[in-house]
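A closer look at the structure
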Amino acid sequence: MDDQARAMRVFSGIQPSGGLTLGNYLGALKRFVSLQESGVESIYCIVDLHAITVWQEPGELRFATRQAAAGFMAAGIDPGRSILFNQSQVSAHAELAWLFNCVARMGWLGRMTQFKDKAGKNRENVSVGLFAYPTLMAADILVYHATHVPVGEDQKQHLELAREIAGKFNHDFGVEFFPIIEPVIEGTATRIMSLRDGKVKMSKSDPSDMSRINLTDDADAIARKIRKAKTDPLPLPDSLDGLEDRPEARNLVNIFAALDDRDPGGVTNEYGGKMFSEFKPKLADLAVAKLEPVTSEMNRLMEDPAEIDRTLGQGAKKAAELAEPILAETYGIAGMIRSR
């Protein structure tokens, strides 16, 4: 492990609001495993407190939380080497979020585009939690003094706000306590778009199941979805320049490249001139080969929910051991008396 890896502490989280998709696997889980293998100290959280900013049926939330944990482990996250837990088991997240609610400003939160998109014209009737979501996200990261956060474009604004909150806290209290977090932005090849619309990110909330590959899909479902994925009538170009105005074609090339651990340019070099009728079966075979072992292991893990709960509980204890001293010092800086 090099000096840079030793100096890093990575935090990231995934919401347990529906099943994991190929987008989650390539854009998050696969990258988390790479960070773990590089020796970086890694903290991974299933953010169930974030999930309840919109209504969740309790039984479904418990199932989704366990399924997300199974997905992390099936993808290669080792709870013995990385910390894996669900957010609600570590109360320091919610406690620090309240302190940050008193540091952040309404105007900052009101500018968040995700809140505007999710609230729409119904802003008066959404939960306070949905509005204050970014302060909890800041607390998730900063309660561990994490230095780096893998983040996609849709969360970049929230991370910038977390940096702003950390800076204001430090300024208000005349300290240099919270680190200014650095984003680890996902690459182009791991930004996975819908199989039905190459301009929209693949999402578990899309009403069309054909728009995504779920990590619970079997080999037949994976092959069928790739075969029916939206494309265009032109052959693949022999360079990435030829994909500039072809979002669906670019998406399939990106998926192939990410699954095969290579640059998208290498895919166009190999398959340039070929029609999608020839390329799609190759992609389907690759996707099945890479994803079927993950799906099988997820299914095996889900057969023993008590063991998943035990793993999450052990991870929560490790996370709390890191978070509690940082939270206690934060309270002290803010002038709180704590006799424990």
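See the structure printed just above.
Here we summarise the structure given alongside this text. (Residues numbered from 1 in each chain as written. Predicted model: local features only at pLDDT ≥ 70, side-chain atom pairs only at ≥ 80, totals over all residues. Heavy atoms only, no water.)

A few words now on the overall build of the protein chain. Helix and strand counts for the protein chain stand at 14 helices and 5 strands. Relative to the compact-globule value of 20 Å for 340 residues, the protein chain shows a C-alpha radius of gyration of 21 Å, a close match. Projected onto the principal axes, the alpha-carbon positions of the protein chain cover approximately 70 × 45 × 45 Å. For the protein chain, with 340 residues in total, the buried portion stands at 50%. Accessible surface computed for the protein chain: about 15900 Å², of which carbon and sulfur atoms make up 51%. Distance from the positive charge centre (40 side chains) to the negative charge centre (47 side chains) of the protein chain: 3 Å. (Helix = DSSP H or I, 4+ residues; strand = E, 2+ residues; numbered from the N terminus. Rg over C-alpha atoms; globule rule 2.2 N^0.38 Å. Buried < 20%, exposed > 50% of the residue type's maximum accessible area, 1.4 Å probe, protein only. Areas by Shrake-Rupley, 256 points an atom, 1.4 Å probe, with all protein chains shown as cover. Lys, Arg positive; Asp, Glu negative; His and termini not counted. Charge placed at Lys NZ, Arg CZ, Asp CG, Glu CD.)

Within the structure shown, the criterion is met by 13 aromatic pairs. Here the aromatic residues Phe100, Phe169, Phe173, Phe177 and Phe178 are joined through ring pairs into a cluster of three or more. (Phe/Tyr/Trp six-rings, centres within 6.5 Å; stacked < 30°, edge-to-face > 60°.)

To continue, consider unusual backbone geometry. The phi torsion at His145 lies on the positive side, around 50 degrees, for a residue other than glycine. Along the chain, His145 turns up in the loop between helix H8 (128-142) and strand E4 (148-151). In this structure, Asp261 is a non-glycine residue whose phi angle is positive, near 55 degrees. For Asp261, the location among the structural elements is in the loop between helix H11 (247-259) and helix H12 (264-271).

Applying the stated criterion to the full structure yields 15 salt bridges. Note that Glu278 and Lys274 form a salt bridge whose closest N and O atoms lie 3.9 Å from each other. Among the residues examined, Glu278 registers a relative accessible area of 40% and is labelled partly exposed. Overall, Lys274 belongs to the partly exposed group, its relative accessible area being 29%. Salt bridges here are not isolated pairs; linked through shared partners, they connect Asp209, Arg212, Asp217 and Lys225. (Salt bridge = Lys/Arg side-chain N within 4 Å of Asp/Glu carboxyl O.)

Take the environment of Leu161 next. With respect to the helices and strands, the residue Leu161 is situated in helix H9 (residues 156-173). Residue classification places Leu161 among the buried positions, given a relative accessible area of 2%. Sequence-distant contacts of Leu161, that is, excluding residues within four places in its chain, are made with Trp108, Leu109, Met112 and Pro134. (Contact = heavy atoms within 4.5 Å.)

Here helix H2 (residues 22-37) crosses H11 at 45 degrees, and the two axes come no closer than 11 Å. By the angle class used here, H2 and H11 are oblique. By crossing handedness, the relation of H2 to H11 is classed as left-handed. In this structure, H2 uses Leu22, Leu26 and Lys30 to contact H11, whose residues at the interface are Ile255, Ala258 and Leu259. Looking at side-chain class alone, the contact of H2 with H11 contains 5 nonpolar, no polar and 1 charged residues. (Axes fitted to C-alpha atoms, helices over the stretch in contact; angles between N-to-C directions. Parallel < 35°, antiparallel > 145°, perpendicular 65-115°, else oblique. Left-handed = near helix turned anticlockwise from the far one by under 90°. Nonpolar A, V, L, I, M, F, W, Y, C, P; charged D, E, K, R; others polar.)

A few words on the nonpolar core. By size, the foremost hydrophobic cluster in this structure holds 57 residues, and its most contacted members are Leu22, Tyr25, Leu29, Phe72 and Phe279. Looking at which element gives the most residues to this core, the answer is helix H13 (residues 276-302), with 11 residues. Not counting residues up to four positions away in its chain, the partners in contact with Leu29 are Ile14, Leu20, Asn24, Gly71, Phe72, Ala75 and Leu215. Core analysis: the second largest hydrophobic core is formed by 47 residues, Ile43, Cys45, Leu130 and Ala319 among them. (Core = buried A, V, L, I, M, F, W, Y, C linked by side-chain atoms within 4.5 Å.)

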